[in-house]
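# Tertiary structure, described
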Number of protein chains: 2
Amino acid sequence: MKNILGREIPEYIEGYGKVIPFEGAFKNAGTKLKKEVKLNSVMPDNEKVLPDMDSVFDKVSLKDGMTISFHHHLRNGDNVLNLVVDAIAKRGIKNITLAASALFPNNFPLIEHIKNGVITKIVTNYMSGPIAEEISRGILKTPVIMHTHGGRARAIESGDLHIDVAFIAAPTADNYGNINGLYGESACGALGYAVADAQCADMVVAVTDNLVPYPACPIEISQIYVDYIVKVDSIGDPDGIVSGTTKITKDPVGLKIAKMASEVMVASGLVKNEMSFQTGAGGISLAVAAELRKYMKENAIVGSFASGGITGYLVDMFEEGLFRSLFDVQCFDMQAIKSYVSTYKHQRMSASMYANSDNKGAVVNKLDIVILGATEIDTNFNVNVTTGSDGTIMGGSGGHSDTAAGAKLTIIVTQLTKARLPIIKDNITTITTPGESIDVIVTERGIAVNPKRTDIIEKLKNTNLPIRKIGELKDIAEKITGKPEAIEFSDEIVAVIEYRDGSVIDVVRKPL
Amino acid sequence: MKNILGREIPEYIEGYGKVIPFEGAFKNAGTKLKKEVKLNSVMPDNEKVLPDMDSVFDKVSLKDGMTISFHHHLRNGDNVLNLVVDAIAKRGIKNITLAASALFPNNFPLIEHIKNGVITKIVTNYMSGPIAEEISRGILKTPVIMHTHGGRARAIESGDLHIDVAFIAAPTADNYGNINGLYGESACGALGYAVADAQCADMVVAVTDNLVPYPACPIEISQIYVDYIVKVDSIGDPDGIVSGTTKITKDPVGLKIAKMASEVMVASGLVKNEMSFQTGAGGISLAVAAELRKYMKENAIVGSFASGGITGYLVDMFEEGLFRSLFDVQCFDMQAIKSYVSTYKHQRMSASMYANSDNKGAVVNKLDIVILGATEIDTNFNVNVTTGSDGTIMGGSGGHSDTAAGAKLTIIVTQLTKARLPIIKDNITTITTPGESIDVIVTERGIAVNPKRTDIIEKLKNTNLPIRKIGELKDIAEKITGKPEAIEFSDEIVAVIEYRDGSVIDVVRKPL
């Protein structure tokens, strides 16, 4: 069958199940259920701290076929996922479903565990590096399920994704399971992506290298959700935890794109008091923030909030009074962590509060403007951030689809061509975010506005910005790069791309 | 039948249902279920702010037979409960179950609403004033269900107490339902008792007189739990909200009791680094805190936390460095509110985190010492804080049973006689907290230690404290007051006293 975007998807996928086809960004609104949660009550004399991982596995009765979960706040510096999976392998346990909010290059040891049958299924929001490449080549027997950040919280809360044991890397924990990410050798800041796991898993284990006297405050994850605590030598490598790449681009093309994006924002009328804003940590995205900062200062504009993964750059804007508050699901750098503990106006949010479509209103619903990237865009404005144009998985939605759906103005900033390949084309390898959520595409060669946004088209008429039809941008790109040869794919599905509501927006097939 | 404490309780109570008899403080530990929660998802273009209470009732489809809930953080200054119930009565809706975490003298208008059939059932943790007196005289057709603070959270989370619509008095709210109690004319501080209602009710309405620009931070109750917001003229009377009575007693008898209680604490060996402590806001309780403060300073002791309803007195101790942190379920005064926003070490806790026996470990489980009061004590150490000795309801457990169950050392401080009545007697009117949770009773005429605490008895042998058998204390009291005449009760049950685990520890019958 084909879903509403015309993507060919089987009605039933082996190792995934029955497919609910994507029907539009808001087609599944209505009455929702948060699933029943099972837990073991803890009495005053119960001890929660266990001496080692084997004791943990005994206590949680870890066994073949279970689903275990991890958060990705330690990013490419995380030791916990590899450590736990290695220990599981040593115990001879097989057939584990790994529900990790994201996977990074340092998770390459999973490749062996997949080959050995320890891990037979993976659910994640994002993956990059060797594990993503190998999965693209089909080493997993069942397709990876890829969620959005909000979609993962939704899936966990609704019971679509049932977690038997959540392992929570805890930069700081006390002996009763209160956790924060703010202190310790492996400090990472907000722990928003771990909240649903803690609240809904059958068993919850805090894995820490920094066991502090009770109570560990501020408490990000409460003792009332944590069964056991285990201390290990090191949960992470600080160099890999805090991203060092959150610098504004110096590339003149990137700066030009940022300037144009800023002019689009201003022309839209949304850059005014009480505005809200989100941007990623990429070089062009930060350059957009820099342009916005300048404009807000010059015009004495005070916004309500900036949100997302928080960078030092957004902290600067907040501290200058350009935003009254920050909503933080994860901290990208040390400056964000420091700000987070220094004022209650820099607030944490869970992934559910950030982006879940099935609660009573996520923060993304309150967004005015979001700046996003793309690896490919089709002429219906559908965006791919999951695969490269060779079909290899090298990312995933993360909050892309969530913020695009929620924001009043979603702007994609991208160079028109990258590595001699066009970004805008007739057909893209994978649809991550539907075109209906994308309002404007800004490239160095011109700006395309989604035709359904007649209001924006009207407003941009009063500017000198180079507005083009998206087909024209495609043509310009193809003139530069030539029309890329279509890659051929086998029938084998290596990943199922779930939209935030749990419907299937696309699948990734193994390239031939 | 009789429960394990010998209280005569029917197996089935009309208007309540089948009785689970109390079998001991920790007999119901084990696997627990948090119930499924139903909610309506909110899309980006949905508005949550409604113009008036009638629009709210329309939107939440309020109708006969529903259960509505309220928190008591505005105490005797709360306007919201009366306002909502009046509006319900005006609409002609009947047969409402009122689940209020506590009821105060200012809730007297409920008496008319009960007589008119608007309110036909009440569930609460504490009540005082005219409403309590009238209920004691049998104006409600069904018995009031009285919970502990932790028991209410447990009942709501488990589904034992299903709430159709929670009305949350919100000193500060934004247009998407983020709520805090810290600012506004009716600031009350922490909102711990409203959290379970917000998380588990079918519909949640924030009632505010202080609608602020988005986002209202710090967020105590998140937008993801709130369906609608309605603005009213005033949610409370500041004079009634913040208790003005949290002063240390000047009565020499009270001071003597406090001094003795302090010596018991020290002799127990629990007054040391990392200790935790809770005390009420009563005059003698605060005097105990004053003694402890002196001792901790003199001996350079730093405790881990003080908890409970937080008073300025505990804030002083915290700011002096005697406790590293505070756990706050409700603020008793302005000083507590100010502290609460000034440092993340003064932390909020929900009623569930505070005291629910059915989560993975409440804060009460980590308590070393709690100081509590009593209106009556029997020779098995069972304590009444629910009824006066004339059988009239004038209080309720609140956190009494919860903290007593959790703490390593539970001390009751009380004068041996009050208003010419003995406090210790053979039979007490109502059992609120079981004797197994009570360790020491300190009166001006002597100290009784629960015989099962042989360890404490042993330690107190090395002191000059006047240790007596509890029977001796009873005899002394009766010598002063004479043996009180037993009141006679009818068979009519006006209140069912649930222990924190949902079993029935006692019932209150209507006096003849």
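Residues numbered from 1 in each chain as written. Chains lettered and ligands numbered in written order. Predicted model: local features only at pLDDT ≥ 70, side-chain atom pairs only at ≥ 80, totals over all residues. Heavy atoms only, no water.

### Thoughts on the overall build of chain A
When helices and strands are tallied, chain A shows 15 helices and 30 strands. On C-alpha atoms alone, chain A measures out to a radius of gyration of 22 Å, which is about the 24 Å that the 2.2 N^0.38 rule sets for 512 residues. For chain A, the spread of C-alpha atoms along the principal axes amounts to about 70 × 55 × 45 Å. Across the 512 residues of chain A, 65% fall into the buried class. When contacts within chain A are restricted to residue pairs at least 6 apart in sequence, those whose partners lie at least 24 apart make up 71%. Roughly 17,700 Å² of accessible area belongs to chain A as shown, and the carbon and sulfur atoms make up 50% of that amount. Here chain A carries 53 positive and 61 negative side-chain charges, and the mean point of each set is 5 Å from the other. (Helix = DSSP H or I, 4+ residues; strand = E, 2+ residues; numbered from the N terminus. Rg over C-alpha atoms; globule rule 2.2 N^0.38 Å. Buried < 20%, exposed > 50% of the residue type's maximum accessible area, 1.4 Å probe, protein only. Contact = heavy atoms within 4.5 Å. Areas by Shrake-Rupley, 256 points an atom, 1.4 Å probe, with all protein chains shown as cover. Lys, Arg positive; Asp, Glu negative; His and termini not counted. Charge placed at Lys NZ, Arg CZ, Asp CG, Glu CD.)

### Section: the relation of the copies chain B and chain A
Expressed as a screw operation, the relation of chain B to chain A combines 0.0 Å of axial shift with a rotation of 180 degrees, fitting to an RMSD of 0.0 Å. A rotation of that kind, with that shift, is consistent with a two-fold axis. Closest to the rotation axis within chain B is the C-alpha of Glu36(B), separated from it by 2.1 Å. The overlap is high: 100% of the interface residues of chain B also sit at the interface in chain A, so the same surface is used on both sides. (Least-squares fit on C-alpha atoms with pLDDT ≥ 70 in both.)

### A look at the packing of helix α8 (residues 252-268) of chain A against helix α9 (residues 283-298) of chain A
All names here are of chain A. Between α8 and α9, whose axes approach to 8 Å, the crossing angle comes to 50 degrees. The angle between α8 and α9 places the two elements in the oblique class. In the crossing of α8 with α9, the sense of the turn from one axis to the other is right-handed. Taken together, the residues of α9 that come into contact with α8 (itself represented by Gly254, Leu255, Ile257, Ala258, Lys259, Ala261, Ser262, Met265 and Val266) are Ile284, Ala287, Val288, Glu291, Leu292 and Tyr295. For the contact of α8 with α9, a count of residues per class yields 11 nonpolar, 2 polar and 2 charged. (Axes fitted to C-alpha atoms, helices over the stretch in contact; angles between N-to-C directions. Parallel < 35°, antiparallel > 145°, perpendicular 65-115°, else oblique. Left-handed = near helix turned anticlockwise from the far one by under 90°. Nonpolar A, V, L, I, M, F, W, Y, C, P; charged D, E, K, R; others polar.)

### Notes on the nonpolar core
Formed by 257 residues in total, the largest nonpolar core has its most connected members in Leu98(A), Phe167(A), Leu98(B) and Phe167(B). Once residues lying within four places of it in the same chain are set aside, the contact partners of Leu98(B) are Ile68(B), Phe70(B), Leu81(B), Val85(B), Leu103(B), Leu110(B), Ile119(B), Lys121(B), Ile122(B) and Val123(B). (Core = buried A, V, L, I, M, F, W, Y, C linked by side-chain atoms within 4.5 Å.)

### Details of the sheet that holds strand β20 (residues 376-378) of chain B
Residue and element names in this part refer to chain B. Read from one edge of the open sheet, 3 strands run β21-β20-β25, paired in mixed fashion. This sheet does not close on itself; its edge strands, each paired only once, are β21 (383-384) and β25 (424-425). Pairing geometry for β20 and β21, over 2 bridges, is antiparallel. Pairing of isoleucine 377 across the sheet is with valine 383, part of β21. (Pairing = 2+ DSSP bridges.)

### A look at the pairing of strand β17 (residues 323-331) of chain A
Residues and elements named next belong to chain A. Burial of β17 is extensive: 8 of the 9 residues sit out of reach of the surface. Pairing of strand β16 (residues 303-310) with β17, which is carried by 7 bridges, proceeds in the parallel orientation. Directly across from phenylalanine 305, in β17, lies its bridge partner serine 325. Read as a crossover between parallel neighbours, the route from β16 over helix α10 (residues 312-319) to β17 is right-handed. Here β17 runs beside strand β18 (residues 346-348); their pairing, made up of 3 bridges, is parallel. Residue pairing in the sheet places phenylalanine 327 in a bridge with glutamine 347 of β18. Handedness of the crossover joining β17 and β18 through helix α11 (residues 334-342) is recorded here as right-handed. (Right-handed = clockwise from strand over helix to strand, strands pointing away.)

### Thoughts on α8(A)
For the α-helix, the turn length of 3.6 residues means that residues three or four positions removed from each other point alike. For α8(A), with 17 residues, the first-to-last C-alpha span of 24 Å sits near the 24 Å given by 1.5 Å per residue. Phi turns positive, to about 85 degrees, at Gly269(A), one or two residues after α8(A). (Expected span 1.5 Å × (residues − 1).)

### Examining the sheet that holds strand β27 (residues 446-449) of chain B
Residue and element names in this part refer to chain B. The 9 strands are arranged β18-β17-β16-β15-β19-β22-β26-β27-β28 in an open sheet whose pairing can be described as mixed. Where the open sheet ends on each side, the last strands, each with one partner, are β18 (346-348) and β28 (467-468). Contacts from helix α9 (residues 283-298) reach β15 (276-279), β16 (303-310), β17 (323-331), β19 (369-372) and β22 (409-413), with the element oriented near 155 degrees to β15.

### Digging into the pattern of salt bridges
Per the counting criterion, the structure on display carries 48 salt bridges over all chains. Two residues, Asp197(A) and Arg152(A), come together in a salt bridge whose shortest N-O distance is 2.8 Å. Separated by 45 residues along the polypeptide, Asp197(A) in helix α6 (residues 195-200) and Arg152(A) in helix α5 (residues 149-158) bring together distant segments of the chain. No difference in accessibility class separates Asp197(A) from Arg152(A), as the two residues are buried. A salt bridge links Glu478(B) to Lys483(B), with the shortest nitrogen-to-oxygen separation between them at 3.6 Å. (Salt bridge = Lys/Arg side-chain N within 4 Å of Asp/Glu carboxyl O.)

### Describing helix α15 (residues 470-481) of chain A
Residues and elements named next belong to chain A. Over its 12 residues, α15 runs 17 Å from end to end, which matches the ideal 16 Å to within 8%, given 1.5 Å per residue. Considered for burial, the residues of α15 that qualify are Ile470, Leu473, Lys474, Ala477 and Glu478. Down the axis of α15, the buried set is contained in an arc of 135 degrees. They therefore lie on one face. Looking at the residues trailing α15, positive phi occurs at glycine 482, about 80 degrees. (Arc of directions from axis to C-beta.)

### Quick notes on the domain arrangement of chain A
Residues and elements named next belong to chain A. By domain assignment, chain A separates into domain 1 (56-241) and domain 2 (252-486). The C-alpha centroid of domain 2 is placed 29 Å from the C-alpha centroid of domain 1. Tallying the contact residues gives 32 residues for domain 1 and 30 residues for domain 2. Overall, the association of domain 1 and domain 2 removes approximately 2,200 Å² of surface from exposure, summing both partners, and the carbon and sulfur fraction of that is 60%. Taken together, the connections running from domain 1 to domain 2 amount to 0 salt bridges. Connecting domain 1 to domain 2 are 15 residue pairs in polar contact (both at pLDDT 80 or more). If you list the elements that add at least two residues to the side of domain 1 that touches domain 2, you get α4 (130-136) and α5. Taken together, the residues of the side of domain 1 that touches domain 2 break down into 15 nonpolar, 12 polar and 5 charged. (Domains from an automatic or database assignment. Buried area = accessible area lost by both parts, 1.4 Å probe. Polar contact = N/O pair within 3.5 Å; in protein donor to acceptor, adjacent residues only side chain to side chain.)

### Digging into the interface of chain B and chain A
The interface of chain B with chain A comprises 62 residues on the first partner and 62 residues on the second. Considering only the surface of chain B that becomes buried against chain A, Leu39(B), Tyr344(B) and Lys360(B) emerge as the three largest contributors, covering 16% of it. Along the contact surface separating chain B from chain A lie 2 salt bridges. Linking Lys360(A) and Asp227(B) is a salt bridge whose minimum nitrogen-to-oxygen distance equals 2.7 Å. In this assembly, chain B and chain A are joined by 34 residue pairs in polar contact (both at pLDDT 80 or more). When contributions to the side of chain B that touches chain A are tallied by element, the ones reaching two or more residues are β3 (31-34), β4 (37-40), β13 (203-208), β16, β17, α12 (351-355) and α13 (400-406) of chain B. Looking at the side of chain B that touches chain A, its residues break down into 31 nonpolar, 17 polar and 14 charged. Both strand β3 (residues 31-34) of chain A and β4(B) contribute to a ladder of 4 bridges, which runs antiparallel.

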